[in-house]
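Summary of the model geometry
One-letter residues, chain by chain:
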Amino acid sequence: MKDTNIKWDTIFYGRKWVSNIIETIQKKDVLQSFYLRRYLLRAMMAGFIISIITVFVLTVKTTFAPDVAPGIVNMAGAFTFSFALVLILFTNSELLTSNFMYFTVGLYYHLIHPTRVLKIFTLCFVGNMIGAVILFSLLRFSNVMTPDMLQMLAHTIQVKIYDYSFQNILVRAIFANFFINIALVIAMQIDDVLAKIFVMMFGVTIFAFMGFEHVVYNACLFIAGAIYQTDAVNLLLMTKNVIGALLGNYIGGGLIIGLFYAYLNDHGQFKVIKKENKKQSLID
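Residues numbered from 1 in each chain as written. Predicted model: local features only at pLDDT ≥ 70, side-chain atom pairs only at ≥ 80, totals over all residues. Heavy atoms only, no water.

**Observations concerning the overall build of the protein chain**
- Broken down by element type, the protein chain carries 13 helices and 0 strands.
- Starting at the N terminus, the α and β elements of the protein chain follow one another as α-α-α-α-α-α-α-α-α-α-α-α-α.
- A buried classification covers 46% of the 284 residues belonging to the protein chain.
- At a minimum sequence separation of 6, the contacts of the protein chain that also span at least 24 residues come to 87%.
- Working note: accessible area of the protein chain is about 14600 Å², and carbon and sulfur atoms make up 66% of it. (Helix = DSSP H or I, 4+ residues; strand = E, 2+ residues; numbered from the N terminus. Buried < 20%, exposed > 50% of the residue type's maximum accessible area, 1.4 Å probe, protein only. Contact = heavy atoms within 4.5 Å. Areas by Shrake-Rupley, 256 points an atom, 1.4 Å probe, with all protein chains shown as cover.)

Shown next as structure tokens:
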């Protein structure tokens, strides 16, 4: 029996949190529906940012590796990589893995059709990859990537595609997007900009230091390996990694975070929206 006197917004995040998610979903859906090229450009910028931060991480690690303990070097690299999420979010760029949470909430509340969600995911991932191709293609005409950085790049790719089984990749990917999206959930409750940045950075730092699998980051690494023609490139094994990371990231961000919090915050306050959406579906 439900207690109608319960103030749900004091127990869970409530109406405000879900309303923010819904508003974000609607904006993204309208953008890709009527301004597809602009949506694709936003996704390309996210891939570009992740790729340039990846180069920054390689620079940091190779610069300090000879003189500093490996654990400290890895922590420095993980902290450095956390800059990527901050840049992506504050530039309104489109990253596939954060969309997993948003659109799973939309699916739960029947606000968007699954085929449209699949289209958005596909566009977002393609845009992320194009951004990575552009970045590393530009760098190919420079000497930014030193021999030490290329060696570390090849070693990182080799570990990901040769040393990890599909199940290992899947589990690692679940935890990667869990930490990213739990940080986003917390950041959405904070108004102070510096506090938001701190929360987002610690979530990414944890997953990066632990060596968890992020599908966009991995794909960007593979693109870099292909462009620089490293010996570690193996298309079949790279595809296995991308598929495992994609599935794991969706479970971690879409189901464990998105679906979980959508259910917790569902206390009948959006029944009207559901009915209106069903009527619209019938009209369409």
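Back to the text.
**Some points on the UniProt feature "transmembrane region" (unreviewed entry) in the protein chain**
- The positions that UniProt labels "transmembrane region" (unreviewed entry) are, in the present scheme, residues 39-60, 72-90, 95-112, 118-139, 169-187, 193-212 and 243-264.
- Between the end C-alpha atoms of residues 39-60 there is a gap of 32 Å, over a span that is 100% helix and 0% strand. (UniProt positions renumbered as here; feature names shortened; annotations may be inferred.)

**Section: the environment of Lys 119**
- Here Lys 119 shows up in helix α7 (residues 114-139).
- The spacing of Lys 119 and Asp 29 is 90 residues in sequence and 9.9 Å in space, taken between C-alpha atoms.
- When residues no more than four places from it in sequence are discounted, the contact partners of Lys 119 are Gln 32 and Leu 36.

**A few points about the environment of Asn 20**
- On the secondary structure map, Asn 20 appears in helix α2 (residues 14-34).
- Placed 168 residues apart in sequence, Asn 20 and Met 188 show a C-alpha to C-alpha distance of 8.4 Å.

**Remarks on the pattern of salt bridges**
- One pass over the structure, following the stated rule, counts 5 salt bridges.
- Between Asp 29 and Arg 116 there is a salt bridge, and its shortest N-O distance comes to 2.9 Å. Remark: Arg 116 occurs in helix α7 and Asp 29 occurs in helix α2; sequence separation between them is 87 residues. (Salt bridge = Lys/Arg side-chain N within 4 Å of Asp/Glu carboxyl O.)

**Describing a nonpolar patch on the surface**
- A cluster of nonpolar side chains, Met 75, Ile 186, Phe 198, Phe 202, Ile 206, Phe 209 and Met 210, forms an exposed patch at the surface whose accessible area comes to about 610 Å².
- Per-element accounting of the nonpolar patch gives the leading share, 5 residues, to helix α10 (residues 193-210).
- Note that Met 75 resides in helix α4 (residues 70-81).
- Met 75 gets classed as partly exposed once you look at its relative accessible area, which sits at 38%. (Patch = residues over 30% accessible without salt bridge, like charges linked within 9 Å, V, L, I, M, F, W, Y side chains within 5 Å.)

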